[in-house]
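What follows is each chain in one-letter form.
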Amino acid sequence: KASIQKNGLNLNKEVSNKSKTLQDLENSFSKIVGLDNVKNDIKDLYCFIKVSKERQKRGFKDDPISLHTVFKGAPGTGKTTIARHIGKLYKKLGVLKKGHVVEVDRSGLVDAYIGHTEVKTKKKLNEALDGILFIDEAYALGQSTKDDKDYGKHAIEVILKFMEDNRDRIAIFVAGYDKKMDDFFASNPGLKSRFTNHYDFDSYNHNELVEIFDIIMKDRFEYNGMVKKELSKYFKKLIDMTDAEFFGNGREVRNTCEYLRRIQHARIYNLENYEEREDSYFKKIKVNDIKKLSEKKGILKRKEYKS
């Protein structure tokens with residue numbers, strides 16, 4: 001087909017490049033379970049940055065693109081994974097030169113002495129220069145303490161100054177459970193105004209946890225629909241009996257995979273002449289393996305699932 005020319009630009013090529021970039025983003029997101037609201041927000045962020053850059057080319061005056069970001073959600077909901085995707089996006093769009101992610105928590109920033117805290121914090125900030133400093137459980141920096149020598153709040157002050165001095169060269173991402181993050185922003189009046197990008201990470205439901213289980217296990221083990229149904233029931237009960245603030249989400253799935261491997265291996269070992277079994281037997285997970293796991297986790301008692 002003939003190309004459409006305007007102002008020396010090949011519009012077909014321009015549209016094609018735009019579609020490819022968005023398609024690449026969607027392809028990477030397809031490997032992440034759930035988080036549809038976050039994925040859509042990041043696609044909107046992509047469009048915002050692209051149009052902002054075009055406006056700059058045309059001489060329009062706009063506020064600088066805000067890079068600093070808040071992730072609210074329970075543990076194991078994919079916050080670090082999404083931060084890495086945004087880092088790659090920032091690099092691809094020329095927002096940050098490297099787009100790498102430096103992960104840290106309170107222990108990586110705060111020391112027993114104020115001078116050491118400043119040095120420790122600046123070291124991590126410099127590591128993250130031209131990329132993202134991802135502070136997990138950031139609220140721990142601002143929590144009040146009876147110890148007058150707690151220097152978490154001093155680390156915040158160092159971060160705020162570094163953000164101001166290097167506003168085009170670093171993105172600060174702070175992450176943590178939603179209610180505690182509200183307290184974090186209340187701990188320093190200069191924090192809230194600097195973080196304009198907010199993403200809410202919902203906890204996974206039991207069916208989404210089964211999807212994550214599939215991603216981890218399906219290439220190494222075999223199991224049928226009845227196993228997945230039993231696993232869905234297991235995750236639902238586990239969610240119901242656990243405080244939402246402390247439920248591990250994706251981490252809980254990884255732990256479940258490890259527990260199941262141990263249960264399956266023990267079942268195989270206790271058979272006579274297990275070494276003579278065919279290969280498929282070593283890959284199979286059975287319904288009773290899930291039920292045994294439920295028993296071990298205190299979700300079911302043995303008498304509930306005799307078979």
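Residues numbered from 1 in each chain as written. Predicted model: local features only at pLDDT ≥ 70, side-chain atom pairs only at ≥ 80, totals over all residues. Heavy atoms only, no water.

### Focus on the overall build of the protein
When its secondary structure is counted, the protein shows ten helices and seven strands. The proportion of buried residues among the 307 residues of the protein is 42%. Here the contacts in the protein between residues at least 6 apart in sequence split such that 75% fall between residues at least 24 apart. Put simply, the protein shows about 18,200 Å² of open surface, and 48% of that area lies on carbon and sulfur atoms. (Helix = DSSP H or I, 4+ residues; strand = E, 2+ residues; numbered from the N terminus. Buried < 20%, exposed > 50% of the residue type's maximum accessible area, 1.4 Å probe, protein only. Contact = heavy atoms within 4.5 Å. Areas by Shrake-Rupley, 256 points an atom, 1.4 Å probe, with all protein chains shown as cover.)

### Considerations on helix H10 (residues 287-296)
Within H10, the full set of buried residues consists of Asp289, Ile290, Lys291, Leu293 and Ser294. On its buried face, H10 is in contact with helix H8 (225-240) and helix H9 (250-269). Remark: glycine 298 follows H10 within two positions and exhibits a positive phi of approximately 80°.

### Focus: the nonpolar core
Formed by 49 residues in total, the largest nonpolar core has its most connected members in Ile42, Phe71, Ile82, Ile86, Tyr90, Phe173 and Phe213. Ignoring any residue separated from it by four or fewer positions in sequence, one finds tyrosine 90 in contact with Leu45, Ile49, Ser66, Leu67, Thr69, Val95, Leu96, Ile132, Ala171, Phe173 and Asn197. Judged by nonpolar contacts, the second largest core, of 29 residues, contains Leu109, Ile135, Ala155 and Leu160. (Core = buried A, V, L, I, M, F, W, Y, C linked by side-chain atoms within 4.5 Å.)

### Focus: the side chain of threonine 256
Residue placement: threonine 256 occurs in helix H9. The contact partners of threonine 256, leaving out residues within four places of it in the chain, are Leu231, Tyr234, Phe235 and Leu293.

### Structural notes on the environment of asparagine 270
Along the chain, asparagine 270 falls in the loop between H9 and H10. Separated by 3.0 Å, the side chain of asparagine 270 and the backbone oxygen of alanine 266 make a polar contact. (Polar contact = N/O pair within 3.5 Å; in protein donor to acceptor, adjacent residues only side chain to side chain.)

### Observations regarding the environment of serine 232
Within the element layout of this structure, serine 232 appears in helix H8. The class of serine 232 is buried, set by a relative accessible area of 13%. Considered as a pair, serine 232 and asparagine 207 are 25 residues apart in the sequence and their alpha carbons are 5.9 Å apart. Sequence-distant contacts of serine 232, that is, excluding residues within four places in its chain, are made with His206, Asn207 and Val210.

### What about the packing of H8 against H9?
Two elements in contact, H8 and H9, have axes whose closest approach is 12 Å; the angle formed by their N-to-C orientations is 130°. Between H8 and H9, the angle is such that the two are oblique. Note on packing geometry: the crossing formed by H8 with H9 is right-handed. Taken together, the residues of H9 that come into contact with H8 (itself represented by Leu231, Tyr234, Phe235 and Leu238) are Glu252, Val253 and Thr256. For the contact of H8 with H9, the residue count by class is five nonpolar, one polar and one charged. (Axes fitted to C-alpha atoms, helices over the stretch in contact; angles between N-to-C directions. Parallel < 35°, antiparallel > 145°, perpendicular 65-115°, else oblique. Left-handed = near helix turned anticlockwise from the far one by under 90°. Nonpolar A, V, L, I, M, F, W, Y, C, P; charged D, E, K, R; others polar.)

### What to know about a negative patch on the surface
On the surface, a cluster of negative charge is contributed by Asp41, Asp44, Asp178, Asp200 and Asp202. Looking at the secondary structure, you find aspartate 44 in helix H2 (residues 36-57). (Patch = residues over 30% accessible without salt bridge, like charges linked within 9 Å, V, L, I, M, F, W, Y side chains within 5 Å. Salt bridge = Lys/Arg side-chain N within 4 Å of Asp/Glu carboxyl O. Lys, Arg positive; Asp, Glu negative; His and termini not counted. Charge placed at Lys NZ, Arg CZ, Asp CG, Glu CD.)

### Side note on the confidence of the model for the protein
With 88% of its residues at a pLDDT of at least 70, the protein reaches an overall mean of 83. Taken as a whole, residues 1-15 scores under 50 in pLDDT and shows ten contacts with residues more than four places along the chain or in a different chain. Throughout residues 301-307 the model reports pLDDT below 50, and contacts reaching past four residues in sequence, or to other chains, amount to eight contacts. (pLDDT = per-residue confidence, 0-100.)

### Focus on the environment of lysine 297
Position of lysine 297 among the secondary structure elements: in the segment after H10. Here lysine 297 falls in the partly exposed class, since its relative accessible area comes to 29%. Spatially, the C-alpha atom of lysine 297 lies 10.0 Å from that of tyrosine 259, the residues being 38 residues apart in sequence. The contact partners of lysine 297, leaving out residues within four places of it in the chain, are Tyr234, Leu238, Met241, Glu252 and Tyr259.

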